[in-house]
Amino acid sequence: LKSIWHKIGLDNPQAIWDQMLAAYIIKPENIKSVAKVYEDYVGEKVPDLASPKDMLNINLQLEALLKQKMEEVNGQGVYESIELPLIPALYEMERNGVLVDKDVLSRQSVELEEHLVELEKAIHDMAGEPFNIASPKQLGVILFEKLELPPSKKTKTGYSTNSDVLMGLRHQHPICDLILQYREDSKLKSTYVDALPKLINPETGRVHTQFKQAVTTTGRLSSVNPNLQNIPIRTEKGRKIRQAFVTDQHYKFLSADYSQIELRVLAHITKDKYLIHAFENDLDVHAMTASEIFGVGIDDVSSEQRRKAKAVNFGIAYGQGAYGLAESLGISRKEGKEIIETYFNKFKGVRDYMNSIVEDAKAKGYVQMLSGRRRYLDELKSKQPAIRKFGERAAVNAPMQGTAADIVKLAMIKAYESIESRMLLQVHDELIFSSHESIVEEERQDVVKLMEAAFSLNVPLKVNSAVGNNWDEAH
């Protein structure tokens, strides 16, 4: 529906029915075409040279079928209160676009190029010879034959040199860190710094990303052409790219970001007394977790203990086991196992939830978000253990990730209806607005209040906000 509005250039349209979103509510997956949906539900193919009359009949036939199916899966609530009202908000955001400063990107491109040249020289010096760093085959020969590092995986074409392999070898040779840095900088340069200027609309001077509602299995939005949800923010160079996103004269960026929303949803779902206590009393949840796991007072938690507890909190939310935790923290599997066992002995509500949700999902074939949205888990029926394990992890995580996504969507609908500032972007748990400098502080308070009241959990929702001249400053 949204793409048709763009073609016609409608102002303030209203969504009544969207075939794609109905199909998505019934079975959340990447919905690519009417033809595929028609084939799945009617069992016939759309004619190759379908006339307008054919297409009208196909759509009418589908509408009746999809409405019936949506009732069968209790999907009308999510469809009518979340997905349909969100379309006009996304449409407006896509039309607004975001101003991009080409000069900032141009300077960053030069800096990255200079750094890549330096890195390449350092890597070649360590290797003792020049080679193509971007070639996995040549890199494999250097690492595993010349430098005699222990190979962990072999592929059809030679040694595996993916990030996991290099991360595992970091402590054995300094060349690994340099290669990881080289790859990251190359990707930043090609995917963002050099690509973004080409995507600026010459008429508006803005980048107009497209928000997709019917792609992910959990209800999260995705962004394409360009994907603005993927700009890396963990590294300084990645964050600097956000400096190129600016706003009009006399306007400011206003960013509002849910704090630890998935863990708050986890506290609500599991009713775990420790998590609820932490969020009700606005404690540092990672320090509190460390205090419980390592048996020290919350004020005596070391930064290393907090780091481990943080990895556990987020790992548990994604159904991670001892092996995954050990990998991410660089500790032994034995220590990873001990930490997780201690965690589950303390956080019994979380342990019971994880056991029961997987069993429930196996019995029903799906898990449900607090909004009523379903995520079907065919993976649980797989004969392959790895796929079944993936299904179990998804059963644990989907209710949290999906509920968090729906809370953000509800906040977006409210903001679209009641906030004067223009909503520009949604990046996972963050909403970004362009706000006139004369009202930005007032709007900031209104946005925070609105987002914190978007959904009722048995722990408070918390929103952090910031204002700046560019996206990086407003963070």
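Structure report, in brief.

The rules behind the values
- Residues numbered from 1 in each chain as written.
- Predicted model: local features only at pLDDT ≥ 70, side-chain atom pairs only at ≥ 80, totals over all residues.
- Heavy atoms only, no water.
- Helix = DSSP H or I, 4+ residues; strand = E, 2+ residues; numbered from the N terminus.
- Rg over C-alpha atoms; globule rule 2.2 N^0.38 Å.
- Buried < 20%, exposed > 50% of the residue type's maximum accessible area, 1.4 Å probe, protein only.
- Contact = heavy atoms within 4.5 Å.
- Areas by Shrake-Rupley, 256 points an atom, 1.4 Å probe, with all protein chains shown as cover.
- Lys, Arg positive; Asp, Glu negative; His and termini not counted.
- Charge placed at Lys NZ, Arg CZ, Asp CG, Glu CD.
- Phe/Tyr/Trp six-rings, centres within 6.5 Å; stacked < 30°, edge-to-face > 60°.
- Lys NZ or Arg CZ within 6 Å of the ring centre and 35° of its normal.
- Core = buried A, V, L, I, M, F, W, Y, C linked by side-chain atoms within 4.5 Å.
- Polar contact = N/O pair within 3.5 Å; in protein donor to acceptor, adjacent residues only side chain to side chain.
- Pairing = 2+ DSSP bridges.
- Axes fitted to C-alpha atoms, helices over the stretch in contact; angles between N-to-C directions.
- Parallel < 35°, antiparallel > 145°, perpendicular 65-115°, else oblique.
- Left-handed = near helix turned anticlockwise from the far one by under 90°.
- Nonpolar A, V, L, I, M, F, W, Y, C, P; charged D, E, K, R; others polar.
- Expected span 1.5 Å × (residues − 1).
- Arc of directions from axis to C-beta.

Right, let's get into the overall build of the protein. Each helix and strand in the protein was counted, giving 19 helices and 13 strands. For 475 residues, the compact-globule estimate of 2.2 N^0.38 gives 23 Å, and the C-alpha radius of gyration of the protein, at 25 Å, lies within 12% of that figure. Along the first, second and third principal axes, the C-alpha set of the protein runs to 70 × 55 × 55 Å. Taken over 475 residues, the protein has a buried fraction of 47%. Put simply, 65% of the contacts in the protein that link residues at least 6 apart link residues at least 24 apart. Just so you have it, the protein exposes about 23800 Å², and 50% of that area is on carbon and sulfur atoms. The average position of the 61 basic charges and that of the 67 acidic charges among the side chains of the protein differ by 6 Å.

Moving on, we come to the packing of aromatic side chains. Applying the stated criterion across every chain yields a total of eight aromatic pairs. When the centroid spacing of 5.0 Å and the interplanar angle of 45° are considered together, the rings of F144 and Y159 count as tilted. With F144 in helix 7 (residues 136-146) and Y159 in strand 3 (residues 158-159), this residue pair connects regions lying 15 residues apart in the sequence. Note on F245 and W471: the rings are 5.3 Å apart at their centroids and 90° apart in plane angle, and the pair reads as edge-to-face. Placement of F245 in strand 7 (residues 245-246) and of W471 in the segment after strand 13 (463-468) is noted, with a sequence separation of 226 residues between them. Here the aromatic residues Y274, Y343, F344 and F347 are joined through ring pairs into a cluster of three or more. For K67, the ring lying beneath its charged end belongs to W17, and the centroid distance is 4.9 Å. Positioned above the aromatic ring of W471, the side-chain terminus of R242 is 4.0 Å from the ring centre.

F245, Y258, V350, M412 and M451 are the most contacted members of the largest nonpolar core, which has 92 residues in total. Ranked by the residues each element gives to this core, the list is headed by helix 18 (residues 385-418), at twelve residues.

So, about the environment of K189. Tracing the backbone shows K189 in helix 9 (residues 175-193). Residue classification places K189 among the buried positions, given a relative accessible area of 14%. Taking the C-alpha atoms as reference points, K189 and V110, separated by 79 residues in sequence, lie 9.4 Å from one another. With sequence-adjacent residues up to four places away left out, K189 is seen in contact with S109, L112, E113, L116, D194 and A195. For K189, the side chain forms a polar contact with the side chain of D194, separated by 2.7 Å.

Take the sheet that holds strand 1 (residues 98-100) next. What the three strands build is an open sheet, ordered 4-1-7; its pairing is antiparallel. Each edge of the open sheet is held by one strand with a lone partner, namely strand 4 (206-207) and strand 7. With two bridges joining them, strand 1 and strand 4 adopt antiparallel strand pairing. The partner of V98 across the bridge, within strand 4, is V207.

Once that is clear, we can look at the packing of helix 5 (residues 76-96) against helix 18. The packing of two helices is summarised by the inter-axis angle and the distance between the axes. Running from N to C, helix 5 and helix 18 cross one another at 60°; their axes reach a closest spacing of 9 Å. Taken as axis vectors, helix 5 and helix 18 run oblique relative to one another. In terms of crossing hand, the pair formed by helix 5 and helix 18 is left-handed. Residues S81, I82, E83, P85, L86, P88, A89, L90, E92 and M93 of helix 5 pack against D406, K409, L410, M412, I413 and Y416 of helix 18. Looking at the contact of helix 5 with helix 18 residue by residue, the class counts come to eleven nonpolar, one polar and four charged.

Attention now moves to the pairing of strand 12 (residues 430-436). Counting buried residues along strand 12, six of its seven residues qualify, which places the element largely inside the surrounding structure. As defined by bridge partners, strand 8 (residues 251-258) adjoins strand 12 across seven bridges and the pair is classed as antiparallel. Bridge pairing in strand 12 links L254 to F433. When strand 11 (residues 422-427) meets strand 12, the two strands line up antiparallel, connected through five bridges. Note that in strand 12 the partner of M423 across the bridge is F433. Connecting strand 11 to the next strand, strand 12, in antiparallel fashion are two residues, including H428 with a positive phi near 55°.

Moving on: the sheet that holds strand 13. The four strands lie next to each other as 11-12-8-13, forming an open sheet whose pairing is antiparallel. Looking at which strands have only one partner, the edges of the open sheet turn out to be strand 11 and strand 13. Averaged over all pairs of adjacent strands, the angle between their axes in this sheet comes to 20°, without regard to strand direction. Across the face of the sheet, helix 18 comes into contact with strand 8, strand 11 and strand 12 while running at roughly 175° to strand 11.

What follows deals with helix 4 (residues 52-72). Between its terminal C-alpha atoms helix 4 stretches 30 Å, which fits the 30 Å expected from 21 residues at 1.5 Å a residue. Looking only at helix 4, the buried set comprises I58, L62, L66 and M70. Down the axis of helix 4, the sector holding all buried residues measures 85°, keeping them to one side. Away from the buried face of helix 4 by more than 90 degrees, exposed residues K53, L56 and E71 are located. Contacts made by the buried residues of helix 4 are with helix 2 (19-26), helix 3 (34-42) and helix 5. The first or second residue beyond helix 4 is N74, which carries a positive phi of 55°.

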